[in-house]
2 protein chains.
Amino acid sequence: MTNDFFREQLKQKGLKVTPQRVAIYEAVVNLNNHPTAEKIIDYIRRNHPNIAIGTVYKVLDSLVDNNLLKKVKNDKDIMRYDAVVSHHHHLYCSETDRIEDYEDELLDKLINEYFKNKKIEKFEIQDITLQITGKFNNN
Amino acid sequence: MTNDFFREQLKQKGLKVTPQRVAIYEAVVNLNNHPTAEKIIDYIRRNHPNIAIGTVYKVLDSLVDNNLLKKVKNDKDIMRYDAVVSHHHHLYCSETDRIEDYEDELLDKLINEYFKNKKIEKFEIQDITLQITGKFNNN
DNA sequence: TTATGTAAAGATAATTATTCTCATTTATGG
DNA sequence: CCATAAATGAGAATAATTATCTTTACATAA
């Protein structure tokens, strides 16, 4: 299902459907923790031991360019990737590298409403994403 | 003034007041565009040609640890630094690497109010920062 | 169904940003 | 002014990422 969706998306964007691309996308989806390239490579190599590191980076870049993955901003000099491309926010753990997605339509509505009235001078807003830093209380 | 404030801060934190630290802090303040380490080095070397790159990285790290500078999250694998440590948000240009500070107490109040009622499950919020992406209309 | 052009993958070298090591220098408290 | 711990400088080392170039394989169409 996710798989078919992804294959279809690749075709629509004029990208070839390769096992590497599918595996990399599935890795990000299945890991589900905003993995780094390294984590993705580790995961894929279990079933796909010969994939080249350069390929992973190239595929990640092209999937980001084609809006099938998103880069996640963070304080470290390691890039992280998110398979959720719909609008959402992020919960950042202040003590670890854990990052979780956070969706909140009501909040989005509130903020959008706010910026309908209050314009930012000389700036046209395209997207607003919250970085919510704090502590996770479970595991 | 900024200078004296900074020297005083260093003393209070038990850090030695060195010309390198002052120069690096001043560079971030004066550049005022969330510079990378490289931009900071370029700026400092005009007046301080012998400063070592490693020193700049070490000083930046220690100033961040001591809350005299902040790291700015971004999509690139280059870290950027901000001399504004008070609570504020960021405007990201969707077309360039430009980043500007954005302060909005009313908005902060609105969002804090919202999260007083709506708790995020198993998460204790410490800070909320907005990444506002869009287009700058001037220069 | 196979041939073919082209995009993509693999291997590995190169680059870039950052960190580390260690000898030397310097700020600060007595 | 001295002692000493902290900080700097120089350059090597590392880690993440990008680039290059040859080989492979997807996809279109005969």
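Model, not experiment: these values are computed from the prediction. (Residues numbered from 1 in each chain as written. Chains lettered and ligands numbered in written order. Predicted model: local features only at pLDDT ≥ 70, side-chain atom pairs only at ≥ 80, totals over all residues. Heavy atoms only, no water.)

### Thoughts on the domain arrangement of chain A
All names here are of chain A.
Here's step 1: Split into domains, chain A comes out as domain 1 (2-82) and domain 2 (89-134).
Here's step 2: For domain 1 and domain 2, the distance between their C-alpha centres works out to 25 Å.
Here's step 3: Across the contact, seven residues belong to domain 1 and six residues belong to domain 2.
Here's step 4: Across the interface of domain 1 and domain 2, roughly 600 Å² is buried in total on both sides, 41% from carbon and sulfur atoms.
Here's step 5: For the interface between domain 1 and domain 2, the tally reads one salt bridge.
Here's step 6: In this structure, the salt-bridge partner of Asp-97 is Lys-76, at a minimum N-O distance of 2.6 Å.
Here's step 7: Applying the counting rule to domain 1 against domain 2 returns six residue pairs in polar contact (both at pLDDT 80 or more).
Here's step 8: Looking at the side of domain 1 that touches domain 2 residue by residue, the class counts come to one nonpolar, two polar and four charged. (Domains from an automatic or database assignment. Contact = heavy atoms within 4.5 Å. Buried area = accessible area lost by both parts, 1.4 Å probe. Salt bridge = Lys/Arg side-chain N within 4 Å of Asp/Glu carboxyl O. Polar contact = N/O pair within 3.5 Å; in protein donor to acceptor, adjacent residues only side chain to side chain. Nonpolar A, V, L, I, M, F, W, Y, C, P; charged D, E, K, R; others polar.)

### A short note on the protein's contact with DNA strand C
Here's step 1: Taken together, 23 residues are adjacent to DNA strand C, and Thr-18, Gln-20 and Arg-21 of chain A together with Val-17 and Tyr-57 of chain B come closest.
Here's step 2: What you see for DNA strand C is that sugar and phosphate hold 78% of its atoms within 4 Å of the protein.
Here's step 3: A distance of 2.9 Å is found between a phosphate oxygen of DNA strand C and a side-chain nitrogen or oxygen belonging to Arg-21 of chain A.
Here's step 4: Broken down by secondary-structure element, the contributors of at least two residues to the surface near DNA strand C are helix H2 (19-31) and helix H4 (53-65) of chain A together with helix H4 (53-65) of chain B. (Near = heavy atom within 4 Å. Helix = DSSP H or I, 4+ residues; strand = E, 2+ residues; numbered from the N terminus.)

### So, the interface of chain B and chain A
Here's step 1: Taken residue by residue, the interface counts 37 residues in chain B and 37 residues in chain A.
Here's step 2: Note on chain B versus chain A: buried area summed over both sides is about 3700 Å², and carbon and sulfur give 60% of it.
Here's step 3: A per-residue breakdown of the area chain B buries against chain A is headed by Lys-73, Phe-123 and Gln-131 of chain B, which together make up 19% of the total.
Here's step 4: On inspection of chain B and its partner chain A, the count reaches four salt bridges.
Here's step 5: Where Lys-73 of chain B meets Asp-75 of chain A, a salt bridge forms, and the shortest distance between an N and an O atom there is 3.4 Å.

### Quick notes on the packing of H2 of chain A against H4 of chain A
All names here are of chain A.
Here's step 1: Relative orientation of the contacting elements H2 and H4 amounts to 75°, with a least axis distance of 10 Å. Our classification of the angle between H2 and H4 gives roughly perpendicular. Touching Gln-20, Arg-21, Ile-24, Tyr-25 and Val-28 of H2 are Thr-55, Val-56, Val-59, Leu-60, Ser-62 and Leu-63, all from H4. (Axes fitted to C-alpha atoms, helices over the stretch in contact; angles between N-to-C directions. Parallel < 35°, antiparallel > 145°, perpendicular 65-115°, else oblique.)

### Notes on the nonpolar core
One recurring pattern in soluble globular proteins is that nonpolar side chains are buried together.
Here's step 1: One finds Phe-115, Leu-130 and Ile-132 of chain A together with Phe-115, Leu-130 and Ile-132 of chain B to be the most contacted residues of the largest nonpolar core, which totals 26 residues.
Here's step 2: Among the elements of the structure, strand E3 (89-93), helix H5 (105-117) and strand E5 (123-136) of chain A together with strand E3 (89-93), helix H5 (105-117) and strand E5 (123-136) of chain B are those that each provide at least two residues to this core.
Here's step 3: Excluding residues that lie within four positions of it along the chain, Leu-130 of chain B makes contacts with Phe-115, Ile-128, Thr-129 and Leu-130 of chain A together with His-89, His-90, Leu-107 and Ile-111 of chain B. (Core = buried A, V, L, I, M, F, W, Y, C linked by side-chain atoms within 4.5 Å. Buried < 20%, exposed > 50% of the residue type's maximum accessible area, 1.4 Å probe, protein only.)

### With respect to the relation of the copies chain B and chain A
Here's step 1: Overlaying chain B on chain A yields an RMSD of 0.1 Å, the required transformation being a rotation through 180° with an accompanying axial translation of 0.0 Å. The operation mapping one copy onto its partner corresponds to a two-fold rotation axis.
Here's step 2: Comparing interface residues between copies, 100% of those in chain B also lie at the interface in chain A; the contact surface is shared. (Least-squares fit on C-alpha atoms with pLDDT ≥ 70 in both.)

### Considering the protein's contact with DNA strand D
Here's step 1: By nearness alone, 22 residues border DNA strand D, and Val-17, Tyr-57 and Met-79 of chain A together with Thr-18 and Gln-20 of chain B come closest of all.
Here's step 2: Backbone atoms, meaning sugar and phosphate, make up 78% of the atoms of DNA strand D lying within 4 Å of the protein.
Here's step 3: One nitrogen or oxygen atom from the side chain of Arg-21 of chain B is found 3.0 Å from a phosphate oxygen belonging to DNA strand D.
Here's step 4: Listed by contribution, the elements that provide at least two residues to the surface near DNA strand D are H4 of chain A together with helix H2 (19-31) and H4 of chain B.

### Side note on the pairing of strand E4 (residues 99-102) of chain A
Residue and element names in this part refer to chain A.
Here's step 1: Here E3 pairs with E4 via four bridges, running antiparallel. Its bridge partner being in E4, Leu-91 is matched across the sheet by Glu-100.
Here's step 2: Between E3 and the antiparallel strand that follows it, E4, lie five residues. (Pairing = 2+ DSSP bridges.)

### A word on unusual backbone geometry
All names here are of chain B.
Here's step 1: One non-glycine residue with positive phi stands out, namely Asn-32, at about 55°.
Here's step 2: The residue Asn-32 is located in the loop between H2 and helix H3 (37-45) in this model.
Here's step 3: Classification of Asn-32 by relative accessible area gives exposed; the value is 58%.
Here's step 4: One non-glycine residue, His-34, adopts positive backbone phi at about 55°.
Here's step 5: Looking at the secondary structure, you find His-34 in the loop between H2 and H3.
Here's step 6: Taking relative accessible area as the criterion, His-34 reaches 4% and is therefore assigned buried.

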